[in-house]
Amino acid sequence: MADGDGLGEAAIAAASPASAPGLSPSLGWRERLRAGLAGTGASLWFVAGLGLLYALRVPLRLCENLAAVTVFLNSLTPKFYVALTGTSSLISGLIFIFEWWYFHKHGTSFIEQVSVSHLRPLMGGTESSISEPGSPSNNRESETSRQNLSECKVWRNPLNLFRGAEYRRYTWVTGKEPLTYYDMNLSAQDHQTFFTCDTDFLRPSDTVMQKAWRERNPPARIKAAYQALELNNDCATAYVLLAEEEATTIVDAERLFKQALKAGETIYRRSQQCQHQSPQHEAQLRRDTNVLVYIKRRLAMCARKLGRIREAVKIMRDLMKEFPPLTMLNIHENLLESLLELQAYADVQAVLAKYDDISLPKSAAICYTAALLKTRTVSDKFSPETASRRGLSTAEINAVEAIHRAVEFNPHVPKYLLEMKSLILPPEHILKRGDSEAIAYAFFHLQHWKRIEGALHLLQCTWEGTFHHVSVYPKKEIPFFIHFTAGLCSSTAMIAFLTHQFPEIMGVFAKAEHYHHPGPC
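Calculation notes
- Residue positions within a chain follow its written sequence, with the count starting from 1.
- Residues qualify for local features only when their pLDDT is at least 70, as the model is predicted, and side-chain atom pairs are given and counted only at 80 or more; totals for whole chains, interfaces and linings, by contrast, use all residues.
- Just so you know, side-chain values use all the structure's heavy atoms and leave hydrogens and water out.
- UniProt positions are given in the numbering used here, feature names are shortened, and annotations may be inferred rather than shown by experiment.
- Think of it this way: any DSSP run of H or I at least four residues long counts as a helix, any run of E at least two long counts as a strand, and we number them from the N terminus.
- With a 1.4 Å probe rolled over the protein chains alone, any residue whose accessible area is under 20% of its type maximum counts as buried; one over 50% counts as exposed, and the rest are partly exposed.
- Note on contacts: a residue pair is in contact if any heavy atoms of the two residues lie within 4.5 Å.
- Pairing of aromatic rings covers Phe, Tyr and Trp, the last through its six-membered ring, and needs centres within 6.5 Å; plane angles under 30 degrees mean stacked, over 60 mean edge-to-face, and all others mean tilted.
- In our convention, an over-ring charge means Lys NZ or Arg CZ found within 6 Å of a ring centre and within 35 degrees of that ring's normal.
- Identification of polar contacts relies on pairs of N or O atoms within 3.5 Å, with a donor-acceptor requirement for protein atoms, meaning one able to donate a hydrogen and the other able to accept it, and with residues adjacent in sequence counted only if both atoms are side-chain atoms.

Looking at an unreviewed UniProt entry, one finds the protein chain named Suppressor of tumorigenicity 7 protein-like and attributed to Bos indicus x Bos taurus. Looking at the Sequence similarities (unreviewed entry) heading of the UniProt record, one finds this comment for the protein chain: "Belongs to the ST7 family."

**Section: the overall build of the protein chain**
The secondary structure content of the protein chain amounts to 24 helices and two strands. Across the 521 residues that make up the protein chain, the buried fraction comes to 37%. Long-range contacts, defined here as pairs at least 24 residues apart, represent 67% of the contacts in the protein chain between residues at least 6 apart.

**Notes on the packing of aromatic side chains**
Aromatic rings considered in pairs are described by the distance between their centres and by the relative angle of their planes. For the coordinates displayed, the defined rule picks out eleven aromatic pairs. Geometrically, the ring pair formed by Phe195 and Tyr294 is edge-to-face, given 5.1 Å between the ring centres and 80° between the ring planes. Of this pair, Phe195 sits in helix H8 (residues 181-195) while Tyr294 is found in helix H13 (residues 279-305), placing the two residues 99 residues apart along the sequence. Ring centres of Tyr268 and Phe323 lie 6.1 Å apart, and the angle between their planes is 70°; on these two criteria the pair is classed as edge-to-face. With a gap of 55 residues between them, Tyr268 in helix H12 (residues 250-274) and Phe323 in the loop between helix H14 (309-322) and helix H15 (331-342) connect regions that are remote in the sequence. Exposure class is identical for Tyr268 and Phe323. Each is buried. In textbook terms, an aromatic cluster arises when at least three aromatic residues are bridged by ring pairs, as seen for Phe194, Phe195, Trp213 and Tyr294. In this arrangement the basic side chain of Arg298 is found over the ring face of Phe162, its NZ or CZ atom lying 4.0 Å from the centre. Above the face of the Trp155 ring, Lys432 is positioned so that its terminal group lies 4.0 Å from the ring centre.

**Observations concerning the environment of Arg297**
With respect to the element layout, Arg297 can be found in helix H13. Placed 19 residues apart in sequence, Arg297 and Met316 show a C-alpha to C-alpha distance of 6.8 Å. Of the polar contacts made by the side chain of Arg297, one reaches the backbone oxygen of Pro158; its length is 3.4 Å.

Printed below as a string of structure tokens:
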């Protein structure tokens, strides 16, 4: 089920004259003239080129040159045409293979991408809107684009595992790496964003850690962290790296994070006192704030994994109160999972009421947790046969609608919750509404669905009855240039074959075609 408010706003926007392209009343005559000239620019250049060519036909001796070309073509043998068409077929075949490979790897056509990115600006094309910078329509478009970006971008998994204490155990057992290079590269970028700033060169230990976060080799990163601690025993980020990557148990990771917390709080208080002295000090405060929030969050996750759930909940609540602007870190998703483990469903509902807001980016954790709470009230007594006889009650309708909303947000989750697809270790980054988010959610929340009697049964009935036959992955249309190069390769290969087998007949066709189109002169 779609969101009614969203559909209403979309319908109003579509029906409004101001929202239609080209009908905005705020556009002046200059903007309309500029838009018209941009649309006819290509045609004007084409006509001007033809006129210039016609005017220079005598100085350039076009008729004589064309006659010479005609004589040359008439003297060519069929072998030349076989070689020409065969070479054309080979080149177009290579282009076709490359286009097909590029499309399967990147999901777009290489030729179209180059045309849009490089050739269109040279030809005067533009993709920008002609709305005024401060106009309401431009503001609405910017807000819509920001909302779409928040739903489509790659996010850091708020429940990501510890590399040393958890991911490495998988490597020990299987001999395989659980994380992709792309995922680890995104984490390296996150670490450089969160844990470094422009003034790191002022402190030798921070300079070493800045290089450590860029290292690809884990032993090199760990070695750099120890070097930073030799220069400064209170380097909080060095303890963070060791807790994440060297600690082989959660207990060891927690011990190192506590050392990091002690050093991080000292540095944070010092940065607070100096924050107004210069922009560099403000940058240091932002970096030290990120470090402190990260440490406390990971300490809460250590407590959760070690069974001290109430302690974890307290740390998360205090963290959210102390740093309310950092809601984009999605600490509330850690809190939701811990509260579900405590079966504190009233507290879970209170968190949802605060963060399940239309102005905030949605997530599978929020949507499916809301569905779980509504399912919990009716799942133990739900029966499809009984519901088909008497109809759905109000509570059952609310539960079904909540499941519909969750499945529409991320249709990949039910197969993992119903154990129709095998779970794997969740990645460090997830794509909102994608399969990676579904894996991360089900990995931690499947136990909460199993704990509530009948919840998975109601989910299965609702999902199979409504969404089971809906294609999750819409097929991408094959780009035009793949069709074009395939057709060009096939046609030229066929012409080469026919010219080689029947040179006299193809020669007759070529001459007949030439006599039908002798040229303008």
